Amino acid sequence: MAGGQGDAKVEVFDAEEDVAVALAKYIARLSDVHTKGKGVFTVVLSGGTLIDTMRKLVEPPYLDTIDWSKWHVFWLDERVVHKTDPLSNYKLAYDGFLSKFIGLLEAEPNYFISLLFYLVAIPPNNVYAINDTLPAPEDAADDYEACLKSLVEKKVLELSQASSFPKFDLMLLGMGPDGHVASLFPRHPLLEEKNRWVTYIKDSPKMPPERITFTFPVINSSAYIALVVTGADLAKAVHIALGNHEPSDVLPVQMVSPEGELTWFLDKPAASKI
Ligand SMILES: O=C(O)[C@H](O)[C@@H](O)[C@H](O)[C@H](O)COP(=O)(O)O
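Residues numbered from 1 in each chain as written. Predicted model: local features only at pLDDT ≥ 70, side-chain atom pairs only at ≥ 80, totals over all residues. Heavy atoms only, no water.

Undergrad: Summarise the overall build of the protein; cite the residues concerned and give the values.
TA: Within the protein, the regular secondary structure consists of 9 helices and 11 strands. Residue burial in the protein is summarised as follows: out of 274 residues, 53% are buried. Here the contacts in the protein between residues at least 6 apart in sequence split such that 76% fall between residues at least 24 apart. (Helix = DSSP H or I, 4+ residues; strand = E, 2+ residues; numbered from the N terminus. Buried < 20%, exposed > 50% of the residue type's maximum accessible area, 1.4 Å probe, protein only. Contact = heavy atoms within 4.5 Å.)

As structure tokens, this is what we get:
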């Protein structure tokens, strides 16, 4: 499989709505390949607008055709706040995505149908949220890394043969106007982290300042990465990332260079300066 940004696919759609449709198709196809092939699909979510752009996935036909019971869900980065805090990326994904299953369960009057549906929904134990009882970011990062290591032992997660870092099946990335991905910000020393799987930041320029984040060696060991970028405010960073000129500073998004396949999903406003 080819890798790196040089081989990236760039898909440009007329509107955000078209990105949402294409993203649902893409995720459903990869889910099918992985759940039928190895019986597990490891998916990493970001915060930000990504969750809203995933909205079509929890609508028919995908809601009924995806084998959700084989999904394992992780977070690329998380704010060190309680899971019920409006700033929590877990809460964002729960409200916009994961709760749709629960909502359906509650709406189903027939106990046996709801039980059956529960068996095919994402098992709650397969949703790996940050441990929000640990107030220090360094402890939360250690705890999440330990969680990943135990999943490697249980063979839920595999290690990349090339890098020896965990290899997730699919990472869904957003990008900020400054070109940040995950909680890896321009010119921050965390961009150079070479050993940790999960690390922490206490001085994030985007609020809140305390976060945990996957590192680039983990991001770049992925089998598939989707960079989902919509809106005119991101056009400049997209231009730098995909343009042919050499910027004086490399943006974090330009360091996304997976072993596997990278696909950009852009709407026309985000692609307007390419
Ligand atoms: O916690 C966060 O801040 C997010 O996880 C972050 O990594 C996000 O993906 C980008 O900031 C893009 O966010 P937008 O889609 O809102 O621009």
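Undergrad: So what about helix 1 (residues 16-37)? Which residues, and what values?
TA: Between its terminal C-alpha atoms helix 1 stretches 31 Å, which fits the 32 Å expected from 22 residues at 1.5 Å a residue. Of the positions making up helix 1, those classed as buried are V19, A20, A22, L23, A24, Y26, I27, A28, L30, S31, H34 and T35. One or two steps after helix 1, the chain reaches G39, where phi turns positive at roughly 80°. (Expected span 1.5 Å × (residues − 1).)

Undergrad: I'd like a rundown of the environment of R196, residues and numbers included.
TA: Along the chain, the position of R196 falls in the loop between strand 7 (170-173) and strand 8 (198-201). Along the primary structure R196 and A141 are separated by 55 residues, whereas in three dimensions their C-alpha atoms are 9.5 Å apart. Residue contacts for R196: discarding those within four places in its chain leaves A141, D142, E145, F165 and T215. Side-chain polar atoms of R196 contact the side chain of E145, separated by 3.0 Å. (Polar contact = N/O pair within 3.5 Å; in protein donor to acceptor, adjacent residues only side chain to side chain.)

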